[in-house]
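One letter stands for each residue in the lines below.
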Amino acid sequence: MNNVINNLINSLAGEFKKYELDEKIQFSLSKIGGYDLQINNLVKHNKSDYFHELQENVIKTINSSNIFLPVVKNDIGFLNLNLNHIYLMKNITNTQSDFENKNKSKIIFDYGGPNIGKPLHVGHMRTLNIGRSLYNIHSFIGNEVVSDIHLGDWGMPIAQIITYLEKEAIEPQSLDSSQLEIIYPKSSEEYRQNKDFKTRAQEINKLLNNNDQQLLKTWESIKELSVNSLKENFAILNHSFDYWLGESDVNNLIPKMIDELLKNEKIVYDDGALISEEDTDPKILITKSDGSYLYITTDLATILFRQKNIGYDKTFYIVDNRQSLHFEQLFSSIKFFEFNNLEHEHISYGTLNDRDGNPYKTRDGGTKPLSELFEETYKYIKEINNALDDSIISQLTNSVLTYSDLITNRKTDYKFDLEKFTNVNGKTGIYAQYSQVRAKKLLDNIENNNNELNNLTLNDVDKKLLSKLYLFSYFIEQSALLNEPHHLANYLYEISNLFNQFYESEKILEIDNSDRLSSKIYITNLFLTTSQNVMWCLGMTPVKKM
RNA sequence: GCUCUCGUAGCUCAAAUGGAUAGAGCAACAGACUUCUAAUCUGUAGGUUAUAGGUUCGAGUCCUAUCGAGAGCGCCA
């Protein structure tokens with residue numbers, strides 16, 4: 001919540017304590033028409049003898065704060081609240097300065113996770129969108145944020161590619177990125193079909209783990225090619241990362257880590273493989289029987305790396321929920337191995353399915369590249385308005401790809417539907433952009449849009465919009481607390497829709513009463529600020545015109 | 001077989017910590033443009049929250065069972 005409401009919550013903190021209750025006043029969105037917020041957590045005390053006293057004290061404190069109009073109570077114990085727009089006008093700006101974070105955390109966002117040698121495909125979209133949005137949201141409310149792409153630059157997929165190059169006698173230095181992208185599906189096919197190829201790939205994987213110099217050279221040139229291509233793609237899609245670390249960066253920490261774990265009897269040999277001594281079902285496999293490393297091996301080493309070189313309070317892994325068992329094992333291993341007691345959370349999300357509800361395969365050929373989806377969306381928007389600059393169409397395309405993805409709760413599976421992505425009606429990025437452009441143009445058309453505002457003069461539509469704008473902090477808190485951007489995405493639709501009602505209800509340029517005009521301008525400005533900040537939190541770039 | 005997630009309007013989804021009359025968008029139907037950008041707005045219709053029990057002042061939300069869907073289950077990541 002913003003400072004204004006947090007201060008009120010703090011000044012209410014003692015009320016429950018008087019009756020030895022460990023509770024805090026909680027504001028919820030009102031479910032009753034005509035009110036902005038409600039307080040529900042007094043209801044359960046309505047049979048107690050201190051109820052009336054408690055209720056009266058709470059009401060008294062709230063009323064003296066001026067944040068709300070006089071509280072309306074009901075017999076059961078609900079408190080109904082309407083925001084005091086006049087007071088809030090002077091105290092809320094909907095900018096970052098409204099949020100002061102006394103308990104700020106340093107959070108690592110581990111997301112993206114592309115594999116080198118493979119182009120980005122539609123399956124990468126959710127981790128990128130959700131990751132970027134959560135990064136921005138936590139940054140906005142004052143947490144220290146760090147993103148790490150956690151590149152898949154090690155292990156079997158890379159070994160497969162190198163094996164393929166070796167077999168076909170292709171010089172790695174002669175490759176370009178598009179050739180490399182074709183090689184990946186071919187090599188993974190060979191790996192499945194051809195026993196000799198599989199054996200050789202496993203050999204190469206192990207040699208790489210043991211730092212074979214010749215293979216490392218090959219690996220390095222593949223990685224460079226791939227990273228450059230990824231960066232080009234991210235520039236188009238507006239993604240960036242603080243750290244471009246990968247699985248390879250922790251490879252050298254693993255032998256020591258394993259030695260220590262063996263020494264402390266945290267892991268034991270089992271048919272040549274190493275398994276954790278933790279009592280779990282299934283048992284946690286730490287290395288393969290040939291000694292080579294697994295997903296969890298590098299992830300564990302990554303914890304040690306980050307602890308030492310970056311430092312953090314929390315790490316959020318934005319990875320799809322099919323990998324929940326892996327993270328369950330990883331997190332319990334961190335504790336069992338006594339690495340640290342820091343917070344680690346798997347921010348899981350639903351599978352991106354195709355139109356018929358079938359999952360896209362990640363390791364097969366024939367998946368849809370993300371760039372292709374971008375192109376299709378771009379063309380679609382250009383057809384609607386081909387007078388726009390390329391850069392604006394590009395931003396609108398990103399808005400569509402981002403917003404359509406974030407409007408749905410991350411936990412539910414997602415049907416990829418081109419029509420839904422490109423729809424320009426309803427809850428879409430285009431609609432939000434359009435609303436904002438309308439507001440900008442309106443302010444441009446007003447000669448003096450910085451005029452002094454003494455009194456708010458409001459009609460019903462004004463009040464509705466203003467209330468919603470002042471609730472920005474409620475929605476950003478919700479999104480940050482649950483790591484769910486869809487609350488903010490939906491909020492963006494709501495304020496956009498209310499703004500459009502506000503805009504259409506009256507010709508603002510024709511208002512001659514100066515108080516009323518000032519009020520309209522104030523609201524429009526606040527809408528613009530809010531909408532821009534919400535877009536920033538979601539990872540969208542506002543356009544100037546459309 | 002075991003474990004986990006889920007089941008809300010024709011479709012896609014909301015409803016944090018249990019709270020008052022379960023809300024949006026799309027699609028459908030009816031209306032509003034010589035416009036401060038109609039890529040907009042207004043209205044109508046649509047529900048036994050899978051089913052059956054239970055917990056309590058109160059359940060879409062918690063518990064149990066059943067039915068249905070999806071995912072995962074030591075040598076891929």
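Everything numeric here is computed off the predicted structure, so don't read it as measured data. (Residues numbered from 1 in each chain as written. Chains lettered and ligands numbered in written order. Predicted model: local features only at pLDDT ≥ 70, side-chain atom pairs only at ≥ 80, totals over all residues. Heavy atoms only, no water.)

1. What about the domain arrangement of chain A?
Stage number 1. For chain A, the assigned domains read domain 1 (3-82), domain 2 (248-309) and domain 3 (372-538).
Stage number 2. Spacing between the C-alpha centres of domain 1 and domain 2 amounts to 52 Å. (Domains from an automatic or database assignment.)

2. Re the pairing of strand β8 (residues 273-276)
Stage number 1. Neither face of β8 is open: one carries Ala273 and Ile275, the other Leu274 and Ser276, and all of them are buried.
Stage number 2. Pairing geometry for strand β7 (residues 267-270) and β8, over four bridges, is antiparallel. Within β8, the residue paired with Asp270 across the bridge is Ala273.
Stage number 3. Taken together, β7 and the strand that follows it, β8, pair antiparallel across an intervening segment of two residues, in which Asp271 is found at a positive phi of about 55°.
Stage number 4. Two elements, β8 and strand β9 (residues 285-287), share two bridges in a ladder whose sense is antiparallel. Paired with Leu274 across the strands is Thr287, a residue of β9. (Buried < 20%, exposed > 50% of the residue type's maximum accessible area, 1.4 Å probe, protein only. Helix = DSSP H or I, 4+ residues; strand = E, 2+ residues; numbered from the N terminus. Pairing = 2+ DSSP bridges.)

3. Some words on the protein's contact with RNA strand B
Stage number 1. Around RNA strand B, the structure places 67 residues, and the nearest of them are Leu285, Asn409, Tyr431, Tyr503 and Lys507.
Stage number 2. Sugar and phosphate atoms constitute 59% of the interface atoms of RNA strand B, taking the interface as everything within 4 Å of the protein.
Stage number 3. In this structure, Gln501 approaches RNA strand B through a side-chain N or O atom, which is 2.8 Å from a phosphate oxygen.
Stage number 4. Met546 places a main-chain nitrogen or oxygen 2.9 Å from a base nitrogen of RNA strand B. (Near = heavy atom within 4 Å. Polar contact = N/O pair within 3.5 Å; in protein donor to acceptor, adjacent residues only side chain to side chain.)

4. As for the environment of Phe305
Stage number 1. Assignment of secondary structure puts Phe305 in helix α11 (residues 295-309).
Stage number 2. On the basis of relative accessible area, Phe305 is assigned to the buried category, the value being 18%.
Stage number 3. Taking the C-alpha atoms as reference points, Phe305 and Asp249, separated by 56 residues in sequence, lie 8.7 Å from one another.
Stage number 4. Those residues within four positions of Phe305 in sequence are excluded, and the remaining contacts are Leu245, Asp249, Val250, Leu253 and Ile310. (Contact = heavy atoms within 4.5 Å.)

5. Remarks on the sheet that holds β7
Stage number 1. If you trace the three strands from one edge of the open sheet to the other, you get β7-β8-β9, paired in antiparallel fashion. Of all strands in the sheet, those with a lone pairing partner are β7 and β9, marking the two edges. Across the sheet, the axes of successive neighbouring strands diverge by a mean angle of 40°, strand direction being ignored.
Stage number 2. Packed on one face of the sheet, helix α10 (residues 254-263) meets β7, β8 and β9 and runs near 95° to β7. (Axes fitted to C-alpha atoms, helices over the stretch in contact; angles between N-to-C directions.)

6. Regarding the pattern of salt bridges
Stage number 1. Considering all chains together, one arrives at 24 salt bridges under this definition.
Stage number 2. In this structure, Glu15 and Lys18 form a salt bridge, with 3.2 Å as the shortest nitrogen-oxygen distance.
Stage number 3. Between Glu504 and Arg438 there is a salt bridge, with the nearest N and O atoms lying 2.9 Å from each other. Taken together, the residues Glu504 in helix α19 (residues 486-505) and Arg438 in helix α16 (residues 429-445) connect sequence positions 66 residues apart.
Stage number 4. Using a relative accessible area of 56% as the deciding quantity, one classes Glu504 as exposed.
Stage number 5. Judged by relative accessible area, which is 14%, Arg438 ranks as buried.
Stage number 6. Here the salt bridges do not stand alone but share partners, grouping Asp462, Glu506, Arg516 and Lys520 into one network. (Salt bridge = Lys/Arg side-chain N within 4 Å of Asp/Glu carboxyl O.)

7. A look at the sheet that holds strand β5 (residues 106-110)
Stage number 1. Ordered by their spatial adjacency, four strands build an open sheet running β6-β5-β10-β11, and the pairing between neighbours is parallel. The open sheet has two free edges, formed respectively by β6 (144-148) and β11 (343-349), since each of these has just one partner strand. Averaged over all neighbouring strand pairs, the angle between strand axes comes to 20°, with direction disregarded.
Stage number 2. With five bridges connecting them, β5 and β6 associate as parallel partners. Paired with Phe109 across the bridge in β6 is Ser147.
Stage number 3. Where α11 meets the sheet, its contacts fall on β5, β6, β10 (314-320) and β11, and the angle it forms with β10 comes to roughly 155°.

8. Brief notes about helix α18 (residues 472-482)
Stage number 1. Here α18 has its buried residues at Phe472, Ser473, Tyr474, Phe475, Ile476, Ser479 and Ala480.
Stage number 2. Next to the buried residues of α18 lie α1 (3-11), β1 (27-29), α5 (125-140), α17 (460-470), α19 and α20 (514-538).
Stage number 3. Just downstream of α18 lies Asn483, where phi reads positive at about 50°.

9. Side note on the environment of Ile393
Stage number 1. Relative to the assigned elements, Ile393 resides in helix α14 (residues 390-406).
Stage number 2. Residue Ile393 is classed as buried on the basis of its relative accessible area, which comes to 0%.
Stage number 3. Here Ile393 is in contact with Tyr378, Ile381, Lys382, Asn385 and Leu388, once residues within four sequence places are set aside.

10. Some remarks on the pairing of β10
Stage number 1. In terms of burial, β10 is a largely internal element, six of the seven residues being buried.
Stage number 2. Inspection of the sheet shows β5 paired to β10 by four bridges, in the parallel sense. In the strand pairing of β10, Asp110 is matched with Tyr317.
Stage number 3. Bridging between β10 and β11 involves seven bridges; their strand directions are parallel. If you follow Phe316 over to β11, its bridge partner there is Glu345.
Stage number 4. In this fold, the crossover linking β10 to β11 by way of helix α12 (residues 324-336) has right-handed handedness. (Right-handed = clockwise from strand over helix to strand, strands pointing away.)

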